[in-house]
Amino acid sequence: MKFFAQWIVFVSVFLWTQQVFSQASNTIQISDAYARATSPGQVVGAGYLTISNLANTNDRLLSASFTRVGQVQIHEMKMEGDRMMMRELNGLEIPAKGSAQLKPGGNHLMFMQLKEPFKEGDVLQVQLQFEKAGKVDIKLPVKAMGHSGMGHSKKH
Ligand SMILES: [Cu+2]
């Protein structure tokens, strides 16, 4: 009987710690994640994804990191006059029970100082840092550059 009681305690502690440690990604869901293939010599690349926040409170994407580049920035893209401009954002709000889309022509992850080109078929393992959800590891499959490729190359 005593053994049984100890076993119960062990199992509940185990379940509790599991819950605590998996909380990080419980509230954040990632979909439609991909990155653009880059050509040799290109020093910047772009990543896209949809971030859904299942929590009842707003969260905020603070930063991202990736070992194959010098730096990852969060960018917005918008028209200023007749020019498409990119600007670094100081984080990105993910509304409670809502989502934020990072997509071509809009917000995106900007990979700076590429150490090697992103090739089609690669899977980039990027870590996102959220204000409330903490660290979330994501995978971005690399897709070939389409015709709608934005002029990312020369601006940075
Ligand atoms: Cu950019």
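Conventions adopted
Residues numbered from 1 in each chain as written. Predicted model: local features only at pLDDT ≥ 70, side-chain atom pairs only at ≥ 80, totals over all residues. Core = buried A, V, L, I, M, F, W, Y, C linked by C-beta atoms within 7 Å. Buried ≥ 20, exposed ≤ 12 C-beta atoms within 10 Å, placed from the backbone. Helix = DSSP H or I, 4+ residues; strand = E, 2+ residues; numbered from the N terminus. Contact = placed C-beta atoms within 7 Å. Pairing = 2+ DSSP bridges.

Asker: How should I be thinking about the nonpolar core in this particular structure?
Answerer: Grouped burial of nonpolar side chains is what soluble globular proteins tend to show. Of all hydrophobic cores here, the largest spans 24 residues; its most connected members are Ala64, Phe66, Val72, Leu109, Leu124 and Val126. Counting residues per element, the ones that place at least two in this core are strand 1 (28-36), strand 2 (45-53), strand 3 (59-65), strand 4 (69-80), strand 8 (108-114), strand 9 (123-130) and strand 10 (134-143). Once residues lying within four places of it in the same chain are set aside, the contact partners of Phe66 are Val72, Phe111, Leu124 and Val126.

Asker: What exactly am I supposed to notice about the pairing of strand 10 here?
Answerer: Judged from the two bridges that link them, strand 1 and strand 10 form a sheet pairing that is parallel. By the bridge assignment, Arg36 is partnered in strand 10 with Lys143. Inspection of the sheet shows strand 9 paired to strand 10 by eight bridges, in the antiparallel sense. Note that in strand 10 the partner of Leu124 across the bridge is Leu140. Remark: three residues form the turn of the hairpin made by strand 9 and strand 10, two consecutive strands paired antiparallel.

Asker: It is not clear to me how the environment of Thr27 should be interpreted in this structure. Could you clarify?
Answerer: Residue placement: Thr27 occurs in the loop between helix 1 (2-26) and strand 1. The spacing of Thr27 and Ser52 is 25 residues in sequence and 8.0 Å in space, taken between C-alpha atoms. Once you skip the residues sitting within four places of it in the chain, Thr27 turns out to touch Asn53, Leu54, Ala55, Asp59 and Ala133.

Asker: How should I be thinking about unusual backbone geometry in this particular structure?
Answerer: Residues apart from glycine generally show negative phi values, whereas peptide bonds are mostly found in trans. Backbone geometry at Lys97 places phi at a positive 55°, although glycine is not the residue there. Inspection of the secondary structure puts Lys97 in the loop between strand 6 (92-94) and strand 7 (99-102). On the basis of neighbour counts, which here come to 11 C-beta atoms within 10 Å, the residue Lys97 falls in the exposed class. Of note, Gln113 is a non-glycine position whose phi angle comes to about 55°, a positive value. As for its position among the elements, Gln113 is in strand 8. The class for Gln113 is exposed, based on 12 C-beta atoms found within 10 Å.

Asker: Honestly, the pairing of strand 2 in this entry has me stumped. Any pointers?
Answerer: Within a regular beta strand, the side chains point alternately toward one face of the sheet and then the other, so they alternate between its two faces. The pairing of strand 1 with strand 2 spans six bridges and is antiparallel. From the neighbouring strand, Ser31 faces strand 2, where its bridge partner is Thr50. For strand 2 and strand 8, the ladder comprises three bridges, and the chain directions are antiparallel. Across the sheet, Ala46 pairs through a bridge with Met110, a residue of strand 8. Two elements, strand 2 and strand 7, share four bridges in a ladder whose sense is antiparallel. Its bridge partner being in strand 7, Thr50 is matched across the sheet by Gln101.

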